[in-house]
Amino acid sequence: MPAARAVEPVARPNFHHMQNITISIRGGKPLRGNVAISGAKNATLPELAAVCLSAETIEFLNVPLVEDVKVMHAALGEIGAQGEIGDNSIRVAMPVLRSPLVSLQTARTTRASVLLLGPLLARHGYAKVSFPGGCPIGERKINFHLQGLERMGAEIHAEDEYIVARCRRLKGIEYDFPGKTVTGTENLLMAATLAEGTTVLGNCALEPEVTDLIDLLKEMGADISGSGSETIVVRGQTGLHGASHRVIPDRIEAGTYLIAGCFAGNDIHVLGVEPEHLGSLLEILRGMGADITVSAREFHIKGGKSLAPAEVTTSPYPGFPTDLQAQLTTLLTQASGVSRVRETIFNDRFHHAGELNRLGAEIKIEGDTAVIKGQARLRGAALKTTDLRASAALVLGGLIAEGKTIIQNSYQLFRGYENMPDKLQKLGADIKIIQG
Ligand code: EPZ
């Protein structure tokens, strides 16, 4: 791999202008045409953290230039990385660790900063990361991450708002995750690649983003077997080398547009997808009567007049993803009867329900389940969003509602969706950013 051209660390993106973003939508317009899906945010974030495992350049292609990715790249810059962001690409290397401190603001903006713990410990024996931020969707614990790293020999304690971790050299362990955790699996996987000896991880998350990270780590020279299964075996190496990696498509972005295509009158081709990553959503939408044609890397979805209600429960992959729960809830307000959506992954992920009710939906929360009355006539209103996927659900609501919908604090949308207003405008939606 050519050495990274010595360029300045990426300047911290200016989030202030993002904080007061407001989106305005005039609903009821039919959406027709093609939408190209970007690379997966939740694959890119752990893969950027993996850069800390080598001194050589990693080149990423098909990178979604969303805010969370820019924040993660900036975090790498703060601790010593050199690199540059290109046109949906990133070239970056961590020749030396300049500072083990991942700043408060960076870590506060995205939870993914916790993914730096494993790689920094593995390569440098030291890490200081602020307690994770990200979406306020219920308790976001990281005890499985810390338990595993401590078993590997790390000494971890809290210092003000930081997690401080130290170790001489991590040791391979046998560890079964007490519960499914996507970033927990990714953190320990990355730590294990440079640990002394072999690590066997049980009850691993099966999300495609975990598999894509393993593909990158193998391209960097890691010795990993069991990819795609719940038991992964990693044989520690003394070092990893550079690589070039194309990020998988974002299944949550694809699922969001697939759901939009189900609205009456819409006819959308969703391009550049991995259909098998969305098997659970396809099953639910087809069960509701949606007209979806699947080809190699494309969904063609034609919105029907009436869709049947559904009973849905979120679960770890390959089950129905919690990250599509809010978006599906918006669609279910238009079904021909009462639906029930049970959220089993996070304990507080129904913020979108109250806001959708301001549009005229009738959603009641009963414990961990949303009961959604169908055939709701939605009318534009002023809404506020709190987390990334709730903001997508509100945009979908605005596309259905008659009249004008305003969504404040839309910065959240830009954390995880690349150019969503542009992509929707190209499909015929009347959507614009009215304040920047
Ligand atoms: C990842 O978050 C995703 N983020 C989330 O996407 C996604 O919702 C989530 O996985 C579930 O699929 C990234 O990949 C960057 P978890 P993560 O650890 O890893 C509990 C989005 O919108 N748990 O799988 O933080 C935890 O409290 C974001 O793109 C522990 O108790 O989620 C939660 O209830 C939102 N202890 C459940 O497990 C731990 O140590 C699943 O969490 C870790 C997790």
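Residues numbered from 1 in each chain as written. Predicted model: local features only at pLDDT ≥ 70, side-chain atom pairs only at ≥ 80, totals over all residues. Heavy atoms only, no water.

1. Some thoughts on the overall build of the protein
Across its full length, the protein holds 15 helices and 24 strands. The C-alpha atoms of the protein give 21 Å as radius of gyration, which agrees with the globular expectation for 436 residues (22 Å, within 12%). Along the three orthogonal principal directions, the C-alpha set of the protein runs to about 60 × 45 × 40 Å. Residues classed as buried in the protein amount to 58% of the 436 residues present. (Helix = DSSP H or I, 4+ residues; strand = E, 2+ residues; numbered from the N terminus. Rg over C-alpha atoms; globule rule 2.2 N^0.38 Å. Buried < 20%, exposed > 50% of the residue type's maximum accessible area, 1.4 Å probe, protein only.)

2. Thoughts on helix α7 (residues 182-192)
Two residues of an α-helix separated by three or four positions point the same way, owing to the 3.6 residues in each turn. With nine of its 11 residues buried, α7 lies for the most part within the structure. Of all the positions in α7, only G184, T185, E186, N187, L188, L189, M190, A191 and A192 are classed as buried.

3. Examining the side chain of S280
Among the secondary structure elements, S280 is positioned in helix α10 (residues 279-287). The buried category is assigned to S280, whose relative accessible area is 15%. Residues contacting S280, with those up to four places away along its chain left out, are P318, G319, F320 and P321. (Contact = heavy atoms within 4.5 Å.)

4. So, the site of the ligand
Looking at the ligand, there are 22 residues lining it, with N143, F144, T183, D323 and I345 nearest. Here an oxygen atom of the ligand and a side-chain polar atom of N42 are 2.9 Å apart. The protein chains hide 88% of the 820 Å² of surface that the ligand would expose on its own. Contributing elements (two or more residues each) for the shell around the ligand: α2 (41-49), α6 (143-151), α7 and α13 (388-400). Ranked by the residues each element gives to the shell around the ligand, the list is headed by α6, at three residues. (Near = heavy atom within 4 Å. Polar contact = N/O pair within 3.5 Å; in protein donor to acceptor, adjacent residues only side chain to side chain. Areas by Shrake-Rupley, 256 points an atom, 1.4 Å probe, with all protein chains shown as cover.)

5. Let's talk about the environment of E67
Secondary-structure assignment places E67 in helix α3 (residues 67-78). The class of E67 is buried, set by a relative accessible area of 6%. Between the C-alpha atoms of E67 and T44, which are 23 residues apart in sequence, the distance is 12 Å.

6. Points about the sheet that holds strand β12 (residues 223-225)
Within the open sheet, the four strands sit side by side as β10-β11-β13-β12. Their pairing is mixed. The open sheet has two edge strands with one neighbour each: β10 (174-176) and β12. Between one strand axis and the next, the sheet turns by 15 degrees as a mean value, whatever way the strands run. Contacts between α7 and the sheet are confined to β10, β11 (198-202) and β13 (232-235), with β11 contributing the most and set at about 170 degrees to the helix. (Pairing = 2+ DSSP bridges. Axes fitted to C-alpha atoms, helices over the stretch in contact; angles between N-to-C directions.)

7. Considerations on the domain arrangement of the protein
Its domain assignment divides the protein into domain 1 (15-37 + 249-435) and domain 2 (41-246). One C-alpha centre belongs to domain 1, the other to domain 2, and the line joining them spans 30 Å. (Domains from an automatic or database assignment.)

8. A closer look at unusual backbone geometry
For residues that are not glycine, phi is negative in most cases, and the peptide bond is trans in most cases. For the bond from Y317 to P318, the omega torsion is 10 degrees, close enough to zero to count as cis. The topology assignment puts P318 in the loop between β18 (311-313) and α11 (325-332). Of note in this structure, N203 is not a glycine but carries a positive phi near 60 degrees. Note on placement: N203 falls in the loop between β11 and α8 (208-219). With a phi angle near 50 degrees, N419 is a residue other than glycine that sits in the positive phi range.

9. As for the confidence of the model for the protein
On average, residues of the protein carry a pLDDT of 92, and 91% of them reach 70 or more. Every residue in residues 1-8 scores below 50 in pLDDT, and together they form 18 contacts with partners more than four places removed in sequence or on other chains. (pLDDT = per-residue confidence, 0-100.)

10. Brief notes about the packing of α2 against α3
Between α2 and α3, the shortest axis-to-axis distance is 10 Å and the interhelical angle comes to 0 degrees. The orientation of α2 with respect to α3, classified from their angle, is roughly parallel. Between α2 and α3, the residues in contact are K41, T44, L45, L48 and A49 and D68, V69, M72, H73 and L76, respectively. Of the residues assigned to the contact of α2 with α3, the class counts are six nonpolar, two polar and two charged. (Parallel < 35°, antiparallel > 145°, perpendicular 65-115°, else oblique. Nonpolar A, V, L, I, M, F, W, Y, C, P; charged D, E, K, R; others polar.)

11. As for the pattern of salt bridges
Side-chain pairs of opposite charge can arise where the charged atoms are in close proximity. Enumeration over the complete set of coordinates arrives at 18 salt bridges. In this structure, E196 engages K171 in a salt bridge whose closest nitrogen and oxygen atoms are separated by 3.6 Å. Of this pair, E196 sits in the loop between α7 and β11 while K171 is found in the loop between β9 (162-166) and β10, placing the two residues 25 residues apart along the sequence. The partly exposed category is assigned to E196, whose relative accessible area is 41%. Its salt-bridge partner being R235, residue D223 comes within 3.5 Å of it at the nearest N-O pair. (Salt bridge = Lys/Arg side-chain N within 4 Å of Asp/Glu carboxyl O.)

12. So, the sheet that holds strand β21 (residues 369-372)
Read across the open sheet, the four strands follow the order β18-β19-β21-β20; overall the sheet is mixed. Single-partner strands in this sheet number two, and they are β18 and β20 (363-366). Between one strand axis and the next, the sheet turns through 15 degrees on average, direction left out of account. The pairing of β18 with strand β19 (residues 339-342) spans three bridges and is parallel. Counted as the bridge partner of T313 is R342 from β19.

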